[in-house]
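Each chain, letter by letter, is given below.
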Amino acid sequence: MSSLLEVKDLRVSFRQDGRITEAVRGVSFSVDRGETVALVGESGSGKSVSALSTVSLLGDSARVEGSVTYDGTEMVGADEKHLMNVRGNDISFIFQEPMTSLNPLHTIERQLEESIALHQGLAGRAARARILELMEKVGIRDAESRLNAYPHQLSGGQRQRVMIAMALANKPDILIADEPTTALDVTIQAQILDLLADLKESEGMGLLFITHDLGIVRRIADRVCVMKDGEIVEEGPAAEIFASPQHPYTRKLLAAEPSGTPPPVPAGAKELVTAQNLKVWFPIQKGLLKRTVGHVKAVNPMSLSVQAGETLGIVGESGSGKTTLALAIMRLIASEGAVTFQGQDLRKWSTRDLRRLRKDMQIVFQDPFGSLSPRMTCAQIISEGLEIHKVDQHRKPRELVAEVMREVGLDPAAMDRYPHEFSGGQRQRIAIARAMVLRPKLVVLDEPTSALDMTVQVQIVELLRDLQARYGLAYLFISHDLKVVRAMSHKVVVMNQGDVVETGSAEELFTSPQAEYTRRLLAAAG
């Protein structure tokens, strides 16, 4: 008896600029009702291409060979009318970033209504009743009040729940989830995974789950297919793969977890930055006269200090105030309270003086592709700060760029390439090089590893620790990935809704957390 979805000897190639690139080479797998199959591998391994091939969503540049059958019917080469009927109806998708998958100009109700009208022909009250039913099913509280909200008015977890509701709208047989939890907090991630598992049971669906995170696979999958360079190198029941991996690449993936500890803080290290009663409240203004009627309490009064050569980890869910706190310390947003840097009170510094200080305070963002200009070469991106701050003018900028590229593990021969010509891990190294070329004293690292594969995460953590040991850097390390925080941090601050709920050494906090909220975060992270 054949499976509900069966892929046999799938081969996918792309033609671009006269060149043919093989993305998938002879892949075979199947998904049955009520079963979760995980496609696991690093970026570029062919996971998403294999999934999109099931309903011919790859575009004209792709050549698809082999066989994909859904419920016994061949999908490769099927006519567009049949494919349209299967897409979103029998086979639905949930993608990684709901903010780019949802239309920012339409309300949640309208977007769900479009999906229902297209496949079920429901309208008016019947459509609204079905929409509310779906929203409640995926755990959106007070669903009726959310119908007229736009995507930007919802949290990341809520947006992902809307995407799941859209995927479930037409009661599909197969749900394909492509990295659906990558950008989410550990607690929200746990909720989404539990939700998908419950829905799979209650709806009797097959689930094809695409991810690079083996912790998720261990939690949710029945069977695992490990992909590398367009091929499945190992497959089998999840329990067997984790207990006794056979292929060296599978063993490498399982071992790819940030571990170890940061370099010790140098003896006699001075306090580099301190904050006393730091507070960030954003006024809520209404009416013609813009009177303040309340405040968004992003960061409530709190104090901290960081020594040279020390890493302070800042953890908490989205909206807890982590990034706002760091931006306030760097004086990039308005705040109350005292911030001192190298013994100087920054409240007394003018905008011009602060501009001079930026050389010593740098920041590395979460998404390297979004924070690097696509119109500038690697050399131009890294050297921009040198020109602005007039650093080391006795040496040629390209000489300094080559030096820092070697430091962060990049080949200086690639300095004239553009960001799109690098992998995700290489782009993050460029972002780190841009900060490090100025030889800063303090670096804010805002979720620098969350969008990266596990093996690349390990490399970036090791690179950051090496740079810290070499130059005595202080880090403010913001993340929701607690394994990375533990591997990077000397001290940790736990934040929740603008409040610091717990602070202490990383070792103490992870081994014996005192606050209930901290225990909940650690439990969600597994």
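Rules and cut-offs
- Residues numbered from 1 in each chain as written.
- Predicted model: local features only at pLDDT ≥ 70, side-chain atom pairs only at ≥ 80, totals over all residues.
- Heavy atoms only, no water.
- Helix = DSSP H or I, 4+ residues; strand = E, 2+ residues; numbered from the N terminus.
- Buried < 20%, exposed > 50% of the residue type's maximum accessible area, 1.4 Å probe, protein only.
- Lys, Arg positive; Asp, Glu negative; His and termini not counted.
- Salt bridge = Lys/Arg side-chain N within 4 Å of Asp/Glu carboxyl O.
- Polar contact = N/O pair within 3.5 Å; in protein donor to acceptor, adjacent residues only side chain to side chain.
- Contact = heavy atoms within 4.5 Å.
- Axes fitted to C-alpha atoms, helices over the stretch in contact; angles between N-to-C directions.
- Parallel < 35°, antiparallel > 145°, perpendicular 65-115°, else oblique.
- Left-handed = near helix turned anticlockwise from the far one by under 90°.
- Nonpolar A, V, L, I, M, F, W, Y, C, P; charged D, E, K, R; others polar.
- Expected span 1.5 Å × (residues − 1).
- Arc of directions from axis to C-beta.
- Pairing = 2+ DSSP bridges.

By secondary structure assignment, the location of E447 is in the loop between strand 17 (442–446) and helix 18 (454–471). In this structure, E447 is buried with no salt-bridge partner, the nearest side chain bearing the opposite charge being K322 at 4.6 Å. Within the local environment of E447, its side chain forms a polar contact with the side chain of H480, the two groups lying 3.1 Å apart. Those residues within four positions of E447 in sequence are excluded, and the remaining contacts are K322, Q366, I478, S479 and H480.

At a minimum axis distance of 10 Å, the contact between helix 17 (residues 424–436) and helix 18 shows a crossing angle of 15°. Between helix 17 and helix 18, the crossing angle belongs to the class labelled roughly parallel. Considering only the axes of helix 17 and helix 18, their crossing is right-handed. The residues of helix 18 that touch helix 17, namely those facing G425, Q428, R429, I432 and M436, are V456, Q459, I460, L463, L464 and L467. Taken together, the residues of the contact of helix 17 with helix 18 break down into seven nonpolar, three polar and one charged.

This part is about helix 8 (residues 186–203). The first and last C-alpha atoms of helix 8 sit 25 Å apart over 18 residues, in line with the 26 Å expected at 1.5 Å per residue. Every buried residue belonging to helix 8 is among V186, T187, I188, Q189, A190, I192, L193, L195, L196, L199 and K200, and all of these are buried. Directly after helix 8, the chain includes G204, whose backbone phi takes a positive value near 65°.

Within the span of helix 11 (residues 248–255), buried status applies to Y249, T250 and L253. Taken around the axis of helix 11, the buried residues stretch over an arc of 100°, which confines them to a single face. For helix 11, the exposed residues lying more than 90 degrees away from the buried face are P248 and A255. Residues of helix 11 that are buried in the fold lie against strand 3 (36–40), helix 9 (214–220), strand 9 (223–228), strand 10 (231–237), helix 10 (238–243) and helix 18.

We now examine the side chain of D90. Relative to the assigned elements, D90 resides in the loop between helix 2 (80–86) and strand 6 (91–94). No salt bridge is formed by the buried D90. Its closest oppositely charged neighbour is R33, at 7.9 Å. If we skip the residues at most four places from it in the chain, D90 touches Y70, N85, P172, D173 and I174.

What follows concerns the sheet that holds strand 12 (residues 291–307). Reading across from one edge, 12-11-14-15 is the order of the four strands in this open sheet, with antiparallel pairing throughout. Each edge of the sheet is formed by a strand with only one pairing partner; in this case those strands are strand 12 and strand 15 (344–345).

With that settled, the discussion passes to unusual backbone geometry. Leaving glycine out, the prevailing phi sign among residues is negative, and the prevailing peptide bond configuration is trans. A positive phi angle is found at E179, which is not glycine, with a value near 50°. Mapped onto the elements of the fold, E179 is located in the loop between strand 7 (174–178) and helix 8. When its relative accessible area of 8% is taken as the criterion, E179 is described as buried. A positive phi is found at N277, a non-glycine position, where the angle reads about 50°. Following the sequence through the fold, N277 ends up in strand 11 (residues 271–286).

So, to be careful, I would describe these as geometric facts and stop short of saying anything about function.
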